[in-house]
Amino acid sequence: MNISITKTTAPKAIPTENLGFGKHFTDHMFLMDYDRETGWSNARIVPFGRIDMHPAATVFHYGAEIFEGLKAYRREDGKVQLFRPYENARRMNNSAERLRLPQIDENDFVDAIKALVKVDEAWVPANFGESLYIRPFLFGNDETLGVHSIRKATFIIILSPSGSYYPEGINPVKIMIEKDDVRAVKGGTGFAKCGGNYAAANRAGENAEKKGYTQVLWLDGVHRKYIEEVGAMNVMFKIDGEIVTPELTGSILPGITRKSCIEVLKNQGYKVNERLLSIDELVEAMKDGKLEEAWGCGTAAVVSPIGKLYYDGTEYVINNGEIGEVTQKLYDILTGIQWGKVEDTYNWIESI
Ligand SMILES: *Cc1c(COP(=O)(O)O)cnc(C)c1O
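What you are looking at is a predicted structure, and each value in this text was computed from that prediction instead of being measured.

Things to note about unusual backbone geometry
- Even without being glycine, N18 reaches a positive phi, approximately 45 degrees.
- Within the secondary structure layout, N18 lies in the loop between β1 (4–5) and β2 (28–35).
- Using a relative accessible area of 64% as the deciding quantity, one classes N18 as exposed.
- The phi dihedral of R224 falls on the positive side, at around 55 degrees, and the residue is not glycine.
- Looking at the secondary structure, you find R224 in the loop between β10 (215–219) and β11 (227–230).

Shown next as structure tokens:
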């Protein structure tokens, strides 16, 4: 893939404090256009800025949009690295297949990220916990209201320096089990990373927030019984010494952090069970004191311990509202590999 590069003539001041998440954007972005006749073309890195779009563009009306999320990390020696980017490339293509958006060669996907991060490398923060968030996204861009298969699409990558997810240390979150809305159903788009899934989750998320909870725990859409995910993270539990995480049934997003946690845990000698886990079983375990730990996992937080879980009028406290041993171990190992403090025996790191 040939990428043309046009550098900005007006570089911005690089922020170093109060980075937050998704507030600041770097000086450049990557774009590429798709046309059914000619395939992908015009791969380019250009100054970051607004994009010109037709008001009838497919994405505005029929929601054909998918995205990815990964990070570039700066090691102590100053070098910049990515964590399992080919996994993002593969997942984006699985999402594309589901929404009938065009797929992108996996090497081109990773090369585009590397080229863009290289151009804006100075924006990768140097502190442990801080990183450069990478957001690739792809959408249908036909300029017509006709409902038909997609002939034109656009792929863009933007970069956003982001602060530590845990500036004040890892605090366990309060989660509410959602009984009315569902995020996804088997046969739908739950396994695809698409914007529509997030739109469908907004109402429950807002309701939970109003009641003082950070996120919702989603139950499956058919039985309203089996645990699926927590907010936009996968979820894991330690019940009576055994690690349990919902199996990938088609309505759950196959997280790369989830996959990495499973590999690390197995390597550490833990038994990990990917299986159906009903809310009744979880409530029983909480009542019997057998739920030892619960945590969400995803790229943004790595792991997010759950300290309180609300269901049906009762608030259950997990592990005294503190981070558990397994959760802490996963956090240390994964962040250690990502920021280059721990040897990467898994071959997960990709240098820039
Ligand atoms: C992105 C995402 C995750 C986490 O995936 P990672 O690859 O670990 O970042 C989990 N659930 C949903 C719904 C997501 O969109």
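Considerations on the site of the ligand
- The immediate surroundings of the ligand are formed by 14 residues, with K193, Y198, E229, T257 and T299 found nearest.
- E229 is positioned with one of its side-chain polar atoms (N or O) 2.5 Å from a nitrogen atom of the ligand.
- For the ligand, an oxygen atom lies 2.6 Å from a polar atom in the side chain of T299.
- When the ligand is considered free in solution it has 380 Å² of accessible area, and contact with the protein chains removes 96% of it.
- A majority-of-atoms criterion places the ligand in the largest pocket.
- Broken down by secondary-structure element, the contributors of at least two residues to the shell around the ligand are β12 (233–239) and α5 (256–267).
- Along the lines of polarity and charge, the residues of the shell around the ligand split into five nonpolar, five polar and four charged.

Quick look at the layout of surface pockets
- By volume, the largest pocket amounts to about 1,100 Å³.
- Lining the largest pocket are 46 residues, and of these F21, Y198, Q215, A232 and A300 lie nearest its centre.
- Mapped onto the lining of the largest pocket, the elements with two or more residues apiece are β7 (131–140), β8 (152–162), α4 (195–210), β10, β12, α5 and β15 (291–298).
- Of all the elements, α4 adds the most residues to the lining of the largest pocket, at seven residues.
- Tallied by class, residues from the lining of the largest pocket come to 19 nonpolar, 19 polar and eight charged.
- Counting the residues that make up the lining of the largest pocket, at least three belong to each of domain 1 (4–164) and domain 2 (173–338).
- A volume near 240 Å³ is recorded for the second largest pocket.
- Lining the second largest pocket we find 15 residues, and of these D33, D52, N141, E143 and T154 sit closest to its centre.
- Those elements giving two or more residues to the lining of the second largest pocket turn out to be β2 and β8.
- The element that contributes the greatest number of residues to the lining of the second largest pocket is β8, accounting for four residues.

Parameters at a glance
Residues numbered from 1 in each chain as written. Predicted model: local features only at pLDDT ≥ 70, side-chain atom pairs only at ≥ 80, totals over all residues. Heavy atoms only, no water. Helix = DSSP H or I, 4+ residues; strand = E, 2+ residues; numbered from the N terminus. Buried < 20%, exposed > 50% of the residue type's maximum accessible area, 1.4 Å probe, protein only. Near = heavy atom within 4 Å. Polar contact = N/O pair within 3.5 Å; in protein donor to acceptor, adjacent residues only side chain to side chain. Areas by Shrake-Rupley, 256 points an atom, 1.4 Å probe, with all protein chains shown as cover. 1 Å grid on protein atoms, 1.4 Å probe; cavity = no way out; pocket = protein on both sides within 12 Å on 5 of 7 lines; lining within 4 Å. Sits in = over half its atoms within 2 Å of the grid points. Nonpolar A, V, L, I, M, F, W, Y, C, P; charged D, E, K, R; others polar. Points joined across faces, edges and corners; volume = space filled by probe spheres on them. Domains from an automatic or database assignment.

Interpretation in functional terms is not warranted from these geometric data alone.
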